[in-house]
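# Summary of the model geometry
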Amino acid sequence: PEPLRWLDIGSGGGFPAIPLAIFRPADAFDLVESIRKKAFFLERTATALGLSSVRVINDRAERYLAIDNLDRRHYDWLTIKAVGGWKEAFAWGAAALVPGGVLATFKPLGNDPDVAAMNNSFSFELVENYVIKVILPEVTTRILLFKKQA
């Protein structure tokens, strides 16, 4: 398959970007992390693992995806975990993804978007909905995949 471009916002400890980079070495990964200590950890981890396809950006997502930075709109996948709300996730997806690109969100169960309203504002279609139970700590989360429409 053709290499993909991934953007991970709020990369924190590197999940899911670092494991994905290990299993998809031909793909390019940009990890955006605003906390310097976490960004440093990500840089060291990528270097230690020999992940030359990983680039760490120590910046806020809002600034990195600024409207005037049109060259940022070329990602195939955008992953977001515990950063911002639904409106921000869809706005960042609209700014960063190519048409047909996928927005993957990791959110607690019960923190559901108004998909119809978001679709009207940002043109995303819900394509997958996974419920995952984590044992420690005991939480139930959802992985929602949205496809950006043309």
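You'll find the structure just up there.
Residues numbered from 1 in each chain as written. Predicted model: local features only at pLDDT ≥ 70, side-chain atom pairs only at ≥ 80, totals over all residues. Heavy atoms only, no water.

### Let's talk about the overall build of the protein
Selection criterion: Elements are defined by DSSP. Helices are runs of H or I of four residues or more, strands are runs of E of two residues or more, and each kind is numbered from the N terminus. Any residue under 20% of the maximum accessible area for its type is buried, any over 50% is exposed, and the rest in between are partly exposed; the area is computed with a 1.4 Å probe on protein chains only. Any two residues having at least one pair of non-hydrogen atoms within 4.5 Å are treated as being in contact. Per-residue and other accessible areas follow the Shrake-Rupley method at a 1.4 Å probe size, with only the shown protein chains counted as cover for residues.
Check the secondary structure of the protein and you find 5 helices and 7 strands. Element order for the protein, N to C, with α for helix and β for strand: β-α-β-α-β-α-β-α-β-α-β-β. By residue count, 41% of the 150 residues in the protein fall in the buried class. Contacts in the protein between residues at least 24 apart in sequence constitute 60% of all its contacts with a sequence separation of at least 6. Accessible surface for the protein amounts to roughly 8300 Å². Of this, 59% is attributable to carbon and sulfur atoms.

### Some points on the environment of G85
Tracing the chain through its elements places G85 in the loop between β4 (75–80) and α4 (86–96). Classification of G85 by relative accessible area gives partly exposed; the value is 26%. Sequence spacing of G85 and K107 is 22 residues, and the spatial spacing of their C-alpha atoms is 9.5 Å.

### Observations concerning the packing of aromatic side chains
Short version of the rule: Each Phe, Tyr or Trp ring (for Trp, its six-membered ring) is paired with any other whose centre lies within 6.5 Å, and the angle between the two planes then decides the class: stacked below 30 degrees, edge-to-face above 60, tilted in between.
Per the stated rule, a full pass over the model turns up 7 aromatic pairs. With a centroid separation of 4.9 Å and 15° between ring planes, the pair formed by W6 and W77 is classed as stacked. Of this pair, W6 sits in strand β1 (residues 5–9) while W77 sits in strand β4, and the two are 71 residues apart along the sequence. According to the relative accessible area criterion, W6 is buried, its value standing at 8%. On the accessibility criterion, W77 (22% relative accessible area) is partly exposed.

### Quick notes on the sheet that holds strand β5 (residues 97–108)
Here is the rule: Pairing between strands is defined by DSSP: at least two bridges between them are needed. The axes are straight lines fitted to the C-alpha atoms, using for helices just the contacting stretch, and the angles between their N-to-C directions are given from 0 to 180°.
Within the open sheet, the 7 strands sit side by side as β3-β2-β1-β4-β5-β7-β6. Their pairing is mixed. Each edge of the open sheet is held by one strand with a lone partner, namely β3 (54–57) and β6 (124–134). Strand-to-strand twist in this sheet, taken as the mean axis angle between neighbours without regard to direction, amounts to 15°. Of the pairings in the sheet, the one linking strand β2 (residues 28–32) to β3 comprises 4 bridges and is parallel in character. Within β3, the position partnered with V32 by the bridge is I57.

### Considerations on the pattern of salt bridges
To keep things clear, this is the line we draw: For this analysis, a salt bridge means a side-chain nitrogen from Lys or Arg found within 4 Å of a carboxyl oxygen belonging to Asp or Glu.
Within this structure, the stated rule accounts for 7 salt bridges. Two residues, E43 and R36, come together in a salt bridge whose shortest N-O distance is 3.6 Å. The partly exposed category is assigned to E43, whose relative accessible area is 28%. One salt bridge in this structure joins E62 and R60, with 3.4 Å as the shortest N-O distance. Under the relative-accessibility criterion, R60 is labelled partly exposed at 43%. One network of salt bridges, with partners in common, ties together R5, D30 and R55.

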